[in-house]
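# Residue-level structural notes
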Amino acid sequence: MNPYGHHCRPLLVQLLEGLGLDASYERSKGDYLWRREGEHLTRVLDLVGGYGVNLFGHLHPEIVTYAKHLLENDVTGFAQCSIHEGAGRLAQVLTDQVGPYAVVLTNSGTETIEAALKHAHLERGRSHFWAVQGAFHGKTLGAVQLTWSYHKPFTGLGPPVRFLNPDDPEDWRDAEKEAANVAAAFIEPIQGEGGIHPLGPPFTEWLSATCAEHSIPIVADEIQTGMGRTGTFLASEVLGIVPDYICLGKALGAGIAKIGALLIKRDRFLSEFSMIHSSTFAEDDWSCLIAAKALEIMTRDDLPRCCAEAGNYLLVELESLRKCFPDQIREVRGRGLIVGVELQKQATMASPTLHMISESGHLGYVAAAYLLNVHKIRVLPTLSDPMTLRVEPSAYIQREQLDHFVDGLRAYCQAVAASDFAHLIRHRVGLAANPLTNYSHIRRYKRDEPRTPRRVAFLGHLITPDDARACEPSFEQLSSSQLETFLDESGRLLEPTILHQENLCSALGTEVHLSFIALSLATKQFVKARADRDGAWIMSKIKSAAELAKEAGCQVLGLGGYTSIMTGNCLRLKVKGIALTSGNSLTVGMGVRALKSAAHRNGVDLRRSRMGVVGALGNIASTYALWMAPEVREVLLIVRDPKSVRVAHMKEQLRRAAPGTLLEVTSDLTALRHCSLIVSASNAGGGLIQPEQLGPAPVLICDIAVPADVSLRVRDCRPDVIVLQGGVVRLPLSDSFYIPGVPLEPGYVFACLAETLLMGLESVTSHGSYGEVTIEGVRNALALADKHGFALGALQTPFGTDSIIPQSAEGRLVR
Ligand code: PMP
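Residues numbered from 1 in each chain as written. Predicted model: local features only at pLDDT ≥ 70, side-chain atom pairs only at ≥ 80, totals over all residues. Heavy atoms only, no water.

### Quick word on a nonpolar patch on the surface
- A cluster of nonpolar side chains, contributed by Leu122, Met275 and Ile276, occupies part of the molecular surface with about 330 Å² of accessible area.
- Residue placement: Leu122 occurs in helix α6 (residues 109-124). (Patch = residues over 30% accessible without salt bridge, like charges linked within 9 Å, V, L, I, M, F, W, Y side chains within 5 Å. Areas by Shrake-Rupley, 256 points an atom, 1.4 Å probe, with all protein chains shown as cover. Salt bridge = Lys/Arg side-chain N within 4 Å of Asp/Glu carboxyl O. Helix = DSSP H or I, 4+ residues; strand = E, 2+ residues; numbered from the N terminus.)

This is how it looks when you write it as structure tokens:
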């Protein structure tokens, strides 16, 4: 990770990298930034504008010249407790603009809010405040109390705040009861960070009247909206509000000085405030004179009018784009040059990845990354409203530049409308700039309403990145390594999402409704997270999946693939109100049946066979071995450390279960050479068993591991070896059941999913395979399978019965 990520903001940088927003900029001028890309600097149209700072554009030439001039002429830096001419000058220009207010100068927006809180408290002798739901007023300890999305962790560490619902008159009436105790009411005339929401007249009229009645000062936070950005010097002017306090920041320093100002109506201003509120850095001449100059230029160039005109043009263009793409753009909002484009959530399922991204709250960031990397336009959503792109360019922005943005956004809308997700991430995976392909008519997942109260969920993940092509139609354009790149980079960002819902019927005619929850991760990401001891983020996704299953009304959640391994076979997943299962009991049961059935068909006499057990200490393999031990001549346990206590314990159990069976332990996989039966269920992540380790035919391998332990080389070099996929079950009455991305033929499911379905069919409300698998559990699972007609699935044998089409990727079924 780069030094910024390493030393300063690790999580933020991880997110930016995952989203493709990890640009660094080396130059800025006007409405452009220059991004370093290898040897080149790429020009990027900057519509974020420092979240409103750059009303004058980056490094406005006149301000830069003036700032240099001041420094070259020995401007006074910090001379506290003296007569600050610069501050006086700035205050004069400000009050010329707004009328008789006292001016308290600060260094930032949030500090301005702090000053307002303190003054209001002193003025009113009260400490209770009002703010508006969705508001943003800063992040220092006092200001954060007023900030809707960020206040929770700090509640109680600052003044109590009631958040008014600007759309609910009931709530206002209720609030009126406490009006006498309120020190001040804070508003943003247009909420910026909250997603560009102008306050509605009914609310502001009520607020004005109530505050007037109780003499509550209205504090207009114009830190983002002030200085003409919305078409008038203050956005409050349009609301008909004359604020008692005005907060300014951001553009006040013209993008060069860091300065804020609190303006307090003269008749409310407490003169002692100038003695009890101060700051070392505030009121310095350099910053104040730059702000005064900025106000002068603002008036001279009539920036409010520039903003109004450019803003009107942009709003009209965006609104006509929205009319063309109502399913991609939900709403366009704003006034002047503070504009929000709210994107539509994507739930059509033609692109399940877009759906997942939408559900995970990252669609706005994906759009931003596409616009940045493909169209060289910088816009961003906010954390509080991740679906809304904020546009806040300089007042000097030109129509061609705004057209460039509208064109880029049109391209985004077209790609989403075509469900060509690959197009949207082509910059991330290095895909050539192809014309769009239309995938919007493809629907691979089902969304069937439940026909029964018996509802189960199953959490699955991709086995290999290539499986993603079956899920996401546009991934046909991506190579295996491009898919891997996508999964590596997006894995942490995407939340578990329900992709498929279907009613299934048992042989008895009982129904169960399945919700398939997908995690956009492949085995490799799990294996890596385990190796790096970095599994906490995956655990939290598994937990979210359990909550999602509960919300969807499911009584049972099955943990598929590595999600059961990560949770220690469910034990580490702490959730209440839902029964869990790893599905391992039926996996073992069906595996045993597969091996026995294949032995029978191939004339292998169990009683004379030596059975190798790979990954023998694992829960599945050890139960398998215990079950089979009494029926074979010899058991060979293959483990990492033959001398471990757990091996001794395992041997003890085997001796008790099968006193007459020979027993050997080794760590050497070549010892498999003397085994005609092999059971393999390691967590190695694929490709453990190679042809060189195998003896002469007949050799039967039951490979329960997913991805398979048996290398594809075995198929090529040892066609005589019979490899069975153990944990596969054939569903009754469901020949067409198929979940895209699960590499099985229609009508077949992995045994872990089958066990989940059986629990649903039986209306089980206690955990199923939870923790260690037991022989008893395996017996019960098999009995339920038999009762409901869930049969042993495909046997991949040379005789070709029940065959599943072999898959091409490494570590899959082999013949
Ligand atoms: N109020 C509003 C309305 C803002 O938009 C912001 C900054 N986004 C602040 C206060 C806080 O300003 P600063 O980041 O300078 O502390």
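### Observations regarding the packing of aromatic side chains
- For the structure shown, the criterion picks out 14 aromatic pairs.
- Three or more aromatic residues link up through ring pairs in this structure, and these residues are Trp130, Trp172, Phe203 and Trp206.
- Over the aromatic face of Trp34 sits the side chain of Arg27, whose NZ or CZ is 4.3 Å from the ring centroid.
- The positively charged end of Lys139 is found above the aromatic ring belonging to Tyr150, 4.3 Å away from the centroid. (Phe/Tyr/Trp six-rings, centres within 6.5 Å; stacked < 30°, edge-to-face > 60°. Lys NZ or Arg CZ within 6 Å of the ring centre and 35° of its normal.)

### Thoughts on the pairing of strand β10 (residues 218-221)
- The alternating pattern of β10 places Ile218 and Ala220 on one face and Val219 and Asp221 on the opposite face, and all of these are buried.
- With 3 bridges joining them, strand β7 (residues 182-187) and β10 adopt parallel strand pairing. Counted as the bridge partner of Ile187 is Ala220 from β10.
- Here β10 runs beside strand β11 (residues 245-248); their pairing, made up of 3 bridges, is parallel. Pairing of Asp221 across the sheet is with Cys247, part of β11. (Buried < 20%, exposed > 50% of the residue type's maximum accessible area, 1.4 Å probe, protein only. Pairing = 2+ DSSP bridges.)

### Here's the deal with the nonpolar core
- Of all hydrophobic cores here, the largest spans 177 residues; its most connected members are Leu90, Leu252, Phe405, Leu409, Tyr412, Leu586 and Leu595.
- If near-sequence neighbours (up to four positions away) are discounted, Leu586 is found in contact with Val729, Ala751, Ala754, Glu755, Leu758, Ala781, Leu782 and Ala785.
- Ranked by size, the runner-up nonpolar core spans 25 residues in total, among them Leu519, Leu521, Leu559 and Tyr562. (Core = buried A, V, L, I, M, F, W, Y, C linked by side-chain atoms within 4.5 Å. Contact = heavy atoms within 4.5 Å.)

### A word on the side chain of Asn584
- Mapped onto the fold, Asn584 is located in helix α23 (residues 584-601).
- Its relative accessible area of 6% is what places Asn584 among the buried residues.
- Here the side chain of Asn584 touches Asn569 through a polar contact of 3.1 Å, side chain to side chain.
- Excluding its chain neighbours within four sequence positions, the residues that come into contact with Asn584 are Asn569, Asn619, Ile620, Glu755, Ser769 and Val773. (Polar contact = N/O pair within 3.5 Å; in protein donor to acceptor, adjacent residues only side chain to side chain.)

### Section: the layout of surface pockets
- By volume, the second largest pocket amounts to about 1700 Å³.
- Every residue lining the second largest pocket is counted, 50 residues in all, and those nearest its centre are Arg9, Gly50, Tyr51, Lys139 and Arg390.
- When contributions to the lining of the second largest pocket are tallied by element, the ones reaching two or more residues are α2 (10-19), α3 (49-52), α6, α14 (363-375) and β16 (380-381).
- By residue number, the principal contributor to the lining of the second largest pocket is α2, which donates 5 residues.
- Across the lining of the second largest pocket, the residue classes tally to 27 nonpolar, 14 polar and 9 charged. (1 Å grid on protein atoms, 1.4 Å probe; cavity = no way out; pocket = protein on both sides within 12 Å on 5 of 7 lines; lining within 4 Å. Points joined across faces, edges and corners; volume = space filled by probe spheres on them. Nonpolar A, V, L, I, M, F, W, Y, C, P; charged D, E, K, R; others polar.)

### Section: the pattern of salt bridges
- Within the structure shown, the criterion is met by 43 salt bridges.
- The shortest N-O distance in the salt bridge between Arg162 and Glu178 comes to 3.5 Å. Remark: Glu178 occurs in the loop between α7 (169-176) and β7 and Arg162 occurs in strand β6 (residues 161-164); sequence separation between them is 16 residues.
- Judged by its relative accessible area of 17%, Arg162 is buried.
- Three or more residues are tied together by salt bridges with common partners; here these are Arg162, Asp171, Asp174, Lys177 and Glu178.

### Remarks on the site of the ligand
- Lining the immediate surroundings of the ligand are Ser108, Gly109, Thr110, Phe136, His137, Gly138, Glu188, Asp221, Ile223, Gln224 and Lys250.
- Contacts to the ligand include Asp221, whose side-chain N or O atom sits 2.6 Å from a nitrogen atom.
- Within the side chain of Lys250, one N or O atom sits 2.8 Å away from a nitrogen atom of the ligand.
- Protein chains shield 80% of the accessible area of the ligand, which is 390 Å² for the free molecule.
- Looking at the shell around the ligand residue by residue, the class counts come to 2 nonpolar, 6 polar and 3 charged. (Near = heavy atom within 4 Å.)

### Description of the sheet that holds strand β13 (residues 329-335)
- Taken in spatial order, the 4 strands line up as β13-β14-β17-β16 in an open sheet, and their pairing is antiparallel. Looking at the sheet topology across the chains shown, the edges are occupied by β13 and β16.
- Summarising the sheet, strand β14 (residues 338-343) and strand β17 (residues 388-391) pair through 4 bridges and their orientation is antiparallel. Bridge pairing links Val339 to Val391 in β17.
- Seen against the sheet, helix α12 (residues 303-324) touches β13, β14 and β17 and runs at an angle of roughly 170 degrees to β13. (Axes fitted to C-alpha atoms, helices over the stretch in contact; angles between N-to-C directions.)

### Here we look at empty space enclosed by the protein
- Scanning the model with the defined rule gives 4 cavities of 30 Å³ or more in all.
- What the largest cavity holds in volume is close to 170 Å³.
- Lining the largest cavity are 18 residues, and of these Gly18, Leu19, Val366, Ile425 and Phe486 lie nearest its centre.
- Put simply, the parts of the chain that give the lining of the largest cavity at least two residues each are α2, α14, α16 (421-424), α17 (426-429) and α19 (480-490).
- For the lining of the largest cavity, the per-class residue count stands at 12 nonpolar, 4 polar and 2 charged.

### Points about unusual backbone geometry
- The linkage connecting Ala697 with the following residue, Pro698, adopts the cis geometry, with an omega of 0 degrees.
- Relative to the elements of secondary structure, Pro698 occurs in the loop between β26 (677-680) and β27 (700-703).
- Of note in this structure, Asn569 is not a glycine but carries a positive phi near 55 degrees.
- Turning to its location among the elements, Asn569 is positioned in the loop between α22 (562-566) and β22 (579-581).
- Look at Asn569 and you get buried, because its relative accessible area is 15%.
- The backbone of Ser763 sits at a positive phi, close to 50 degrees, despite the residue not being glycine.
- Topologically, Ser763 is positioned in the loop between α27 (751-761) and α28 (775-788).
- Taking the relative accessible area as the measure of exposure, Ser763 reaches 45% and is therefore partly exposed.

### Considerations on the pairing of strand β19 (residues 497-505)
- Burial analysis of β19 places 8 of its 9 residues in the buried class, which makes it a mostly covered element.
- As paired elements, β19 and strand β20 (residues 511-522) share 8 bridges and run antiparallel to each other. Across the sheet, residue Glu502 finds its bridge partner in β20, namely Leu514.
- Joining the antiparallel neighbours β19 and β20 is a turn of 5 residues, in which Gly509 adopts a positive phi near 90 degrees.

### Topic: the packing of helix α24 (residues 619-628) against α28
- Close contact between α24 and α28 brings their axes to 10 Å; oriented N to C, the two are set at 85 degrees. Here α24 lies roughly perpendicular to α28, going by the angle between them. On α28, the residues that touch Thr623, Leu626 and Trp627 of α24 are Ile775, Val778, Arg779 and Leu782.
- Among the residues making up the contact of α24 with α28, the classes are represented as 5 nonpolar, 1 polar and 1 charged. (Parallel < 35°, antiparallel > 145°, perpendicular 65-115°, else oblique.)

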